Amino acid sequence: MHAPHLTPGNPIHDLASRLLRLPPSCGPVRLIGVDGHAGSGKTTFAGRLAAALGGAPVLHLDDIATHEELFGWTGRLLSTVVEPLGRGETARYAPYDWTAREFRPVRELPAAPAVIVEGVGAGRRALRPWLARLLWMELPHEQAWERGRRRDGLAQSAFWDGWVRAERRHFAEDPSRPFAHQVVRQCPEGYEVREGPAGAPGPDQVITHRDGPSAAC
């Protein structure tokens, strides 16, 4: 992870600058959670934020979940990723292959100054004590799920039916949005970052920024 070149006035770069000034939350790591409904744009946003953070490592929770454990992966995530990072060590985990329905060879996740965990459930209560910040992708669930269904096509329609039921149960029992420090909305020409339910306005936090003068959400 190298030092990022931050562009003033760009919401993602402004956010990255503030995140890097936070105290570490997981050993030497600032663990950043990006949560939201499936199909809300978490992966794309996390990639852009990682670049703004100077190439921060990104853990995709799709690599941790399985067909049998859509949300029952907390213990494995804590033992293979969070605990090693908390000791300042490189984490090692086996990513799940959703097509072959098996785990692939082990990948490494270094204990960088900032590490992003993105996916549905990144803000669950078992992970929140380790997070420096929780970001929520602001898109209503019906819109997010419809976008996800279009992305994955008819071949995944049965999977999506089961996923929707599981996601509803998960967020009913363990909601993330009430604990988000910032909410992120995708706009026609970028993103808008606003204070979340858990955010407290202050001189070192984003209140409202948008990409470009014409980017209206």
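Thresholds applied
Residues numbered from 1 in each chain as written. Predicted model: local features only at pLDDT ≥ 70, side-chain atom pairs only at ≥ 80, totals over all residues. Heavy atoms only, no water. Helix = DSSP H or I, 4+ residues; strand = E, 2+ residues; numbered from the N terminus. Expected span 1.5 Å × (residues − 1). Buried < 20%, exposed > 50% of the residue type's maximum accessible area, 1.4 Å probe, protein only. Contact = heavy atoms within 4.5 Å. Phe/Tyr/Trp six-rings, centres within 6.5 Å; stacked < 30°, edge-to-face > 60°. Lys NZ or Arg CZ within 6 Å of the ring centre and 35° of its normal. Axes fitted to C-alpha atoms, helices over the stretch in contact; angles between N-to-C directions. Parallel < 35°, antiparallel > 145°, perpendicular 65-115°, else oblique. Left-handed = near helix turned anticlockwise from the far one by under 90°. Nonpolar A, V, L, I, M, F, W, Y, C, P; charged D, E, K, R; others polar. 1 Å grid on protein atoms, 1.4 Å probe; cavity = no way out; pocket = protein on both sides within 12 Å on 5 of 7 lines; lining within 4 Å. Points joined across faces, edges and corners; volume = space filled by probe spheres on them. Pairing = 2+ DSSP bridges. pLDDT = per-residue confidence, 0-100.

(A) Summary view of helix α5 (residues 157–173). Over its 17 residues, α5 extends 25 Å from the first C-alpha to the last, a length consistent with the 24 Å expected when each residue adds 1.5 Å. Of all the positions in α5, only W160, W163, V164, A166, E167, H170 and F171 are classed as buried. Tucked into the core, α5 has its buried residues touching β1 (30–35), β8 (131–137) and α4 (141–152).

(B) Spotlight on the packing of aromatic side chains. By the definition in use, this model includes seven aromatic pairs. The interplanar angle of 65 degrees and the centroid separation of 5.0 Å between the aromatic rings of F45 and Y191 together place this pair among those described as edge-to-face. Here F45 is found in helix α2 (residues 42–52), whereas its partner Y191 is found in strand β10 (residues 190–195), with 146 residues between them in sequence. Pair check on accessibility: F45 and Y191 agree, each one buried. On the basis of an interplanar angle of 75 degrees and a centroid distance of 5.7 Å, the ring pair of W98 and F159 is categorised as edge-to-face. Residue W98 is located in the loop between β4 (96–97) and β5 (102–103), and its partner F159 is located in helix α5; the two are separated by 61 residues in the primary sequence. Ring pairs connect the aromatic residues F71, Y96, W98, F103, F159 and W163, which therefore count as one cluster. Directly above the aromatic system of W73 lies the positively charged group of R124, at a separation of 4.3 Å from the ring centroid.

(C) Up close: the packing of α4 against α5. At their nearest, the axes of α4 and α5 sit 10 Å apart, and the two run at 155 degrees to each other. The angle between α4 and α5 falls in the class roughly antiparallel. In the packing of α4 onto α5, the handedness of the crossing is right-handed. Residues H141, E142, W145, G148, R149, R151 and D152 of α4 form the contact with α5, whose participating residues are S157, W160, D161, V164, E167 and R168. Partitioning the contact of α4 with α5 into residue classes produces three nonpolar, three polar and seven charged.

(D) View of empty space enclosed by the protein. By the definition in use, this model includes one cavity of 30 Å³ or more. By volume, the largest cavity is sized at about 40 Å³. Lining the largest cavity we find L31, L59, L77, V81, V82, V117, A122, L127 and L131. At three residues, the largest contribution of residues to the lining of the largest cavity is made by helix α3 (residues 74–86).

(E) Examining the pairing of β1 more closely. Judged by how many residues are buried, β1 sits mostly within the fold: six of six residues are covered. On β1, burial covers both faces: R30, I32 and V34 on one face and L31, G33 and D35 on the other are all buried. Looking at chain direction, β1 and strand β7 (residues 114–118) are connected through five bridges and run parallel. Residue pairing across strands places G33 opposite V117, the latter belonging to β7. Pairing of β1 with β8 involves five bridges; the strand directions are parallel. Residue pairing for β8: L31 is matched across the bridge by L131.

(F) Examining the layout of surface pockets more closely. Approximately 690 Å³ is the volume found for the largest pocket. Taken together, 27 residues make up the lining of the largest pocket; nearest its centre are D62, R151, D152, F159 and W160. Every element with two or more residues in the lining of the largest pocket is listed here: α2, α4 and α5. Class assignment of the residues belonging to the lining of the largest pocket gives a composition of 10 nonpolar, 10 polar and seven charged.

(G) Quick peek at the confidence of the model for the protein. The predicted model of the protein has a mean per-residue pLDDT of 88, with 88% of residues at 70 or higher. The model gives residues 3–8 a pLDDT under 50, and that stretch makes 12 contacts with residues more than four places away or in other chains. In the predicted structure, residues 202–216 sits below a pLDDT of 50 and forms 43 contacts with residues beyond four places in sequence or in another chain.

(H) Spatial organisation of the environment of P57. Locating P57 in the fold gives a position in the loop between α2 and β2 (58–60). Aside from chain neighbours lying at most four places away, what touches P57 is L109, P110, A112, A114, V115 and I116.

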